[in-house]
Amino acid sequence: SSERFTLDDRLPVDHLERALREDVQRGLAERPRWLPPKWFYDARGSELFEEITRLPEYYPTRAEQEILVRRAPEIADLSRAASLAELGSGSSRKTRLLLDALTERGTLLTYAPQDVSPSALREAGEALCLDYPSLHVRATVADFEQEIVLPDTPGPRLLAFLGSTIGNLDRDERAGFYARLRRRMSGDDQLLLGADLVKDPQVLVRAYDDSRGVTAAFNRNVLAVLNRELGADFDPDAFAHRAVWDAQHERIEMHLVAEAEQNVKIPALDLRLDFAAGESVRTEISCKFRRESLEEELGRAGFTVREWWTDGPGRFALLLVVP
Ligand code: AVJ
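What you are looking at is a predicted structure, and each value in this text was computed from that prediction instead of being measured. Residue indices follow the written sequence of each chain, beginning from 1 at its first position. Local features in a predicted model are, by the rule used here, given only for residues with pLDDT of at least 70; side-chain atom pairs are given and counted only at 80 or more, and totals for whole chains, interfaces and linings are based on all residues. Computation of side-chain values covers all heavy atoms of the structure but excludes hydrogens and water.

Trainee: Just to check I follow, could you spell out the overall build of the chain for this structure?
Mentor: A run of H or I in DSSP becomes a helix once it reaches four residues, and a run of E becomes a strand once it reaches two; helices and strands are each numbered from the N terminus. Along the backbone of the chain there are 9 helices and 14 strands. Taking 323 residues into account, the globule formula puts the C-alpha radius of gyration at 20 Å, and the chain, at 20 Å, falls close to it. Expressed as lengths along the three principal axes of its C-alpha atoms, the size of the chain is roughly 60 × 45 × 35 Å. For every residue, the accessible area obtained with a 1.4 Å probe (protein chains only) is divided by the maximum for its type, and the residue is called buried under 20%, exposed over 50%, and partly exposed between those limits. When each of the 323 residues of the chain is scored for burial, the buried share is 51%. Of all intrachain contacts in the chain linking residues separated by at least 6 positions in sequence, the fraction that spans at least 24 positions is 73%. Radius of gyration here uses only the C-alpha atoms, and the compact-globule reference equals 2.2 Å multiplied by the residue count raised to the power 0.38. In what follows, residue pairs with any heavy atoms lying within 4.5 Å of each other are defined as contacts.

Trainee: Any chance you could explain the pairing of strand S8 (residues 239-246) here in plain terms?
Mentor: Consecutive side chains along a regular strand alternate between the two faces of the sheet. Criterion used throughout: strands pair if DSSP finds at least two bridges between them. Both S8 and strand S9 (residues 251-258) contribute to a ladder of 8 bridges, which runs antiparallel. The partner of Trp245 across the bridge, within S9, is Ile252. Between S8 and S9, which pair antiparallel and follow one another directly, the connecting turn spans 4 residues, one of which, Glu250, has a positive phi of 50°.

Trainee: Honestly, the sheet that holds strand S5 (residues 136-141) in this entry has me stumped. Any pointers?
Mentor: Pairing between the strands of a sheet comes from backbone hydrogen bonds, and it takes one of two forms, parallel or antiparallel. Strand order in the open sheet formed by 8 strands is S1-S5-S4-S3-S6-S7-S14-S13, and the pairing between neighbours is mixed. Strands with a single pairing partner mark the edges of an open sheet, and in this sheet they are strand S1 (5-9) and strand S13 (304-310). Averaged over all pairs of adjacent strands, the angle between their axes in this sheet comes to 20°, without regard to strand direction. Sheet topology places strand S6 (residues 157-161) next to strand S7 (residues 190-196); 4 bridges connect them, and they run parallel. Pairing of Leu158 across the sheet is with Gln190, part of S7. Along the sheet, helix H3 (residues 60-79) makes contact with S6, S7, S13 and strand S14 (316-322), crossing S14 at roughly 30°. Here helix H4 (residues 95-105) sits on the sheet and contacts strand S3 (83-87), strand S4 (110-115), S6 and S7; the angle it forms with S3, its principal contact strand, is near 170°. The axes are straight lines fitted to the C-alpha atoms, using for helices just the contacting stretch, and the angles between their N-to-C directions are given from 0 to 180°.

Trainee: Where do I start with the packing of aromatic side chains in this structure?
Mentor: Two numbers describe a pair of aromatic rings. These are the distance of the centres and the angle of the planes. For Phe, Tyr and Trp, rings pair up if their centres lie within 6.5 Å, where Trp contributes its six-membered ring, and each pair is then called stacked (planes under 30 degrees apart), edge-to-face (over 60) or tilted (otherwise). This structure, assessed with the given rule, holds 14 aromatic pairs. Each residue in the set Phe40, Tyr41, Phe49, Tyr58, Tyr208 and Phe218 is aromatic and connected to the rest through ring pairs, giving one cluster. The aromatic ring of Phe275 is capped on one face by Arg33, whose charged end is 4.5 Å from the ring centroid. Distance and angle both matter: a charge sits over a ring if NZ of Lys or CZ of Arg is within 6 Å of the ring centre and within 35 degrees of the ring normal.

Trainee: In this structure, what is going on with the site of the ligand? I would like to understand it.
Mentor: Residues are labelled near a given molecule or strand when at least one of their non-hydrogen atoms is within 4 Å of it. In the neighbourhood of the ligand, 14 residues make up the surrounding shell, with Tyr58, Gly163, Tyr208, Glu284 and Ser286 lying closest. Tyr58 has a polar side-chain atom sitting 2.5 Å from an oxygen atom of the ligand. Considering the ligand on its own, with 350 Å² of exposed area, one finds that the protein chains cover 95% of that surface. Among the elements of the structure, helix H2 (43-53), helix H8 (214-230) and strand S12 (280-287) are those that each provide at least two residues to the shell around the ligand. Here a polar contact means two N or O atoms within 3.5 Å. Within protein one must be a hydrogen donor candidate and the other an acceptor candidate, and residues neighboring in sequence count only if both atoms are side-chain atoms. Surface accessibility in these figures is a Shrake-Rupley result with a 1.4 Å probe; residues are shielded only by whichever protein chains are displayed.

Trainee: How should I be thinking about the pattern of salt bridges in this particular structure?
Mentor: Any two side chains of opposite charge can pair, so long as their charged atoms come close to each other. A side-chain nitrogen of Lys or Arg and a carboxyl oxygen of Asp or Glu constitute a salt bridge if their distance falls within 4 Å. Inspection of every chain in the model, using the stated rule, returns 29 salt bridges. Measuring nitrogen to oxygen at the nearest pair gives 3.7 Å for the salt bridge that ties Lys265 to Asp233. Placement of the pair is Lys265 in strand S10 (residues 262-266) and Asp233 in the loop between H8 and S8, with a sequence separation of 32 residues. Assessed through its relative accessible area of 37%, Asp233 is described here as partly exposed. Residues Asp311 and Arg315 are paired through a salt bridge, measuring 2.8 Å at the closest nitrogen-oxygen approach. Classification of Arg315 as partly exposed rests on a relative accessible area of 25%. By sharing partners, the salt bridges in this structure join Asp8, Arg10 and Glu147 into a single network.

Trainee: Which parts of the structure should I look at to understand unusual backbone geometry?
Mentor: The phi torsion of most residues other than glycine is negative, and most of the peptide bonds are trans. Of note, the bond from Arg31 into Pro32 is cis; its omega dihedral lies within 30 degrees of zero at -10°. Here Pro32 lies in the loop between helix H1 (15-29) and strand S2 (33-34). With a phi angle near 60°, Ser164 is a residue other than glycine that sits in the positive phi range. On the secondary structure map, Ser164 appears in the loop between S6 and helix H6 (171-184). Overall, Ser164 belongs to the buried group, its relative accessible area being 8%.

Trainee: Would you mind going over the layout of surface pockets with me for this structure?
Mentor: Remark: the empty space left among the atoms is shown by a probe the size of a water molecule rolled over them. Of the two site types, the cavity is a set of points on a 1 Å grid over the protein atoms alone where a 1.4 Å probe fits but cannot get out, and the pocket is an open set with protein on both sides within 12 Å along at least five of seven lines, each lined by residues with an atom within 4 Å of a point. Grid points are joined across faces, edges and corners, and a volume is the space filled by probe spheres set on the points. The calculated volume of the second largest pocket comes to roughly 290 Å³. Around the second largest pocket, the lining comprises 14 residues; the ones closest to its centre are Arg171, Arg174, His249, Glu250 and Lys288. Taken together, the elements giving at least two residues each to the lining of the second largest pocket come down to H6 and helix H9 (291-300). Taken together, the residues that form the lining of the second largest pocket break down as 3 nonpolar, 3 polar and 8 charged. For this classification, the nonpolar set comprises Ala, Val, Leu, Ile, Met, Phe, Trp, Tyr, Cys and Pro, the charged set comprises Asp, Glu, Lys and Arg, and every other residue, Gly included, is treated as polar.

Trainee: How do you make sense of H6 when you look at a structure like this?
Mentor: Since one α-helical turn is 3.6 residues long, residues separated by three or four positions face the same way. By this rule, a helix spans an expected 1.5 Å times one less than how many residues it contains. In this model, H6 (14 residues) spans 20 Å end to end at C-alpha, consistent with the 20 Å of a helix rising 1.5 Å per residue. Among the residues of H6, Arg174, Phe177, Tyr178 and Leu181 are the ones counted as buried. Within H6, the buried residues cover an arc of 100° as seen down the axis, which keeps them to one side. For H6, exposure combined with an orientation more than 90 degrees from the buried face picks out Asp172 and Arg183. Summarising the contacts, the buried residues of H6 are in contact with S3, S6, S7, S12 and H9. Taking the backbone nitrogen of Asp172 as reference, a side-chain oxygen 3.2 Å away marks Asp170 as the first, capping residue of H6. By construction, the arc corresponds to the directions joining the helix axis to the C-beta atoms.

Next up, the structure:
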């Protein structure tokens, strides 16, 4: 296409609705109950997440940004990427640092963001086209848990998976994800991976339980999504926000805890749920990483870590990984 911006929607029209129903049906029936974190991100949830990234307690976004500012020229030199693909690109805010460096280096032709939100892709894509007048933006609407779409452009591709979104997957899910990624990548492609690191549990818990209650609102928003999409009658205010450090799995878990006994109807699923007082729904895992074990799990999938960069205080890592 001669258009500088294209958007390829690969999700079947009823995908989100079908997947949501399946996830809710499965997760809320299990004990302990759980929901996948991807359902946080409707328009309101995406707004709340943007607000989280600006909170004083939520360091990961700023830490990763600091690394990108410092290392973008090296990333451009080492990858010489003709295209930059990004999984779960959202607002593409941090991406500009990479686009600037790769444009400066003179190799970049195409940016290929992939996200489940067509509106985020359109907004970000159109803004980028204005600011990068020779860039081609090839956006894809797809769920990276289902499919990983890389542009079929010539030359090396740099695949970015930033923000420690990888932490939302447990060990087994990560292994499956790496394997699918590895199969899609050619010998000259590279992966740029953002990973939040294990640190003082107090610092971690505060990052997920901020004093202004933005993360609490973000967490409860998933109940509003279920109310709207499935006609459920959750009272979000009847659930307390909890962030806990699971030392065994080295992960933060977010929960919604029923403050009193609740009966909830989900008509679209013909479901009635009884919550005992104190019963919780796990809404997110956010795994934290150590260098050795992360390099090892990537190695098992056939990847080699070429560079490991951290921010000054060593809170967050950015990895350049090769097949
Ligand atoms: C976007 C998945 C990386 O786990 O830190 C922020 C989401 N949840 N605060 C994270 C999130 C609560 C975030 N990720």
